[in-house]
Amino acid sequence: MASVVGRMKLGSQGLEVSAQGLGCMGMTPFGSPAKPESDMIELIHHAVNSGVTFLDTSDIYGPFTNELLLGKALKGIRDKVQLATKFGFSMKGEIRGDPAYVRACCEESLKRLDVDCIDLYYQHRVDTKIPIEITMGELKKLVEEGKIKYVGLSEASASTIRRAHAVHPITAVQLEWSLWTRDIEKEIVPTCRELGIGIVAYSPLGMGFLSSGPKLLDQMSDSDFRHYLPRFKPENMEHNAPIYELVKAMATKKGCTPSQLALAWVHHQGSDVCPIPGTTKIENLKQNIGALSLKLTPEDMAELESYALADIVKGDRHNASASIYSWMHANTPPLASWKSE
């Protein structure tokens, strides 16, 4: 299934990105053997050459090694990409949004990425101890200083988005959105659309479930963070197995893969939505790009949604971030190079 990756306006502040992005977290996995650096750089270059130019990372991925990888991969092609990274998780297992921390994280990310400016800088999770207005005030200063171009939030509530946007325009909100994770549709998506904020959908393939189904458990290493997520407990995976089988059956009818069908569903949510599926394989990247050419009717959309209604899916997704990042903190050795504490 051939496809051309088009462009889209992300939010109303001027940022233009590829219609599909690339989540880079898995290229330097937490607590697992690193993927060959040369292979990951080749993958990134293949993505950019294919038109997937919106690249997503974070200081906590690795930690730090993901940004270092992107810094190497972007040598000579920086002007072709839209680079997004994040701050907010400290190596002490805390969420922080105080101004000194925000600034220090930005400076360190700029060094690791070896760039002069970050295109989109997200607060990875909201620090409930610090008023969002204080955090946004510092991010506004970083924009004024030319260190970042646009500001984003991740996993923020509708009320927090409104308060933040009143201090400085939010360009994008990043949220988990897939066929089996749809809780953002009631309040957060309408709020973003009212304010002209773009939506970046992470884990659009259900962290692999919508690609592989329950057999995913057999493919995961013992150190894989998904073992710590309620939805990936064996009993819940068994309960949710029929969801995958239904998606797979429809995909067969349409001549595509289950992952392409699930990804196409996200693409059909609106022209303001940019999914950022992650992968470490060029073949999977090509498949993900192929989802852009898959057309779904309103009837197709409704049928897909009926497969994974909220009362059908068993097991919570992670509570904001606690499961993944508590696991990360417990499985990552202290790094002397961490300077943002």
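Scroll up for the structure.
Structure report, in brief. Position numbers for residues count from 1 along each chain, tracking the sequence in the order it is written. This being a predicted model, a pLDDT of at least 70 is required before a residue's local features are given, and a value of 80 or more before pairs of side-chain atoms are given or counted; all residues contribute to the totals for chains, interfaces and linings. Water and hydrogen atoms were dropped before computing side-chain values, which therefore reflect all heavy atoms in the structure.

Turning our attention to the sheet that holds strand β4 (residues 54–56). When DSSP finds two or more bridges between two strands, those strands count as paired. Going along the chain from the N terminus, every DSSP run of H or I of four or more residues is numbered as a helix, and every run of E of two or more is numbered as a strand. Taken together, eight strands build an open sheet; the order of strands is β3-β4-β5-β6-β7-β8-β9-β10 and the sheet is parallel. Edge positions in the open sheet fall to β3 (21–23) and β10 (273–275), since each of these has one partner strand only. The average undirected angle you get between the axes of adjacent strands in this sheet is 25°. Two strands pair when backbone bridges link them, and strand β8 (residues 170–176) and strand β9 (residues 198–202) are joined in this way by five bridges, in the parallel orientation. Helix axes are fitted only over the stretch in contact, all axes being lines through C-alpha atoms; the angle between N-to-C directions runs from 0 to 180 degrees.

What follows covers helix α10 (residues 258–267). The classification of residues rests on relative accessible area computed with a 1.4 Å probe and restricted to protein chains. Under 20% of the type maximum is buried, over 50% is exposed, and intermediate values are partly exposed. Most of α10 sits out of view: 10 of its 10 residues are buried. Within the span of α10, buried status applies to Pro258, Ser259, Gln260, Leu261, Ala262, Leu263, Ala264, Trp265, Val266 and His267. Any two residues whose heavy atoms approach within 4.5 Å are treated as being in contact. In this fold, the buried residues of α10 make contact with β9, α7 (209–212), α9 (234–254), β10, α11 (282–290) and α12 (298–307).

Taken together, the buried positions of α12 are occupied by Asp300, Met301, Leu304 and Tyr307. Each buried residue of α12 lies within a common arc of 115° when the element is viewed along its axis, so the set occupies one face. For α12, the exposed residues lying more than 90 degrees away from the buried face are Pro298 and Glu299. Contacts made by the buried residues of α12 are with α9 and α10. Directions from the helix axis toward the C-beta atoms define the arc.

Here the focus is the environment of Thr53. The topology assignment puts Thr53 in the loop between α1 (37–49) and β4. With 184 residues separating them in the primary sequence, Thr53 and Met237 have C-alpha atoms 33 Å apart. Dropping the residues within four chain positions of it, Thr53 is found in contact with Arg7, Ser18, Val48, Lys80, Val81 and Gln82.

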